[in-house]
Amino acid sequence: MSDYVHTGRRSKISVESAAIESRLIFGACYVLLLFWAAVTRLMPWRKQADVDRGDGRRSIFAEARSEAGIIVTSSFMGL
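No experiment lies behind these values; they were computed from the predicted model shown. (Residues numbered from 1 in each chain as written. Predicted model: local features only at pLDDT ≥ 70, side-chain atom pairs only at ≥ 80, totals over all residues. Heavy atoms only, no water.)

Caption draft 1: Spotlight on the overall build of the protein. When helices and strands are counted, the protein shows four helices and zero strands. Each helix and strand of the protein, placed in order from N terminus to C terminus, yields the pattern α-α-α-α. Relative to its full complement of 79 residues, the protein shows a buried share of 13%. Look at the contacts in the protein between residues 6 or more apart in sequence, and 62% of them connect residues 24 or more apart. Accessible surface for the protein amounts to roughly 6,400 Å². Of this, 65% is attributable to carbon and sulfur atoms. (Helix = DSSP H or I, 4+ residues; strand = E, 2+ residues; numbered from the N terminus. Buried < 20%, exposed > 50% of the residue type's maximum accessible area, 1.4 Å probe, protein only. Contact = heavy atoms within 4.5 Å. Areas by Shrake-Rupley, 256 points an atom, 1.4 Å probe, with all protein chains shown as cover.)

Right, dumping it as structure tokens:
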């Protein structure tokens, strides 16, 4: 890892463009996952599964934001 850092092979992306890139990826993932959360809430078998588990209902917005954050973080970590 230290060889990679000191050889100059790191990308030359500025901090501002990296922040914009991560926000764009987060926004795209958020929109897709918001749609997915809305669709899965409308499925009849999902309601029964939620009741059986006893989970507190999160809003579809909170669910989409959480999942988008996980995807964006792991994509920048290389996972």
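Caption draft 2: Highlighting the pattern of salt bridges. Evaluated as defined, the whole model comprises one salt bridge. The partner of glutamate 63 in a salt bridge is arginine 41, and the shortest N-O contact between them spans 2.9 Å. Placement of the pair is glutamate 63 in helix α4 (residues 60-77) and arginine 41 in helix α2 (residues 15-42), with a sequence separation of 22 residues. Exposure remark for glutamate 63: the relative accessible area of 15% places this residue in the buried category. (Salt bridge = Lys/Arg side-chain N within 4 Å of Asp/Glu carboxyl O.)

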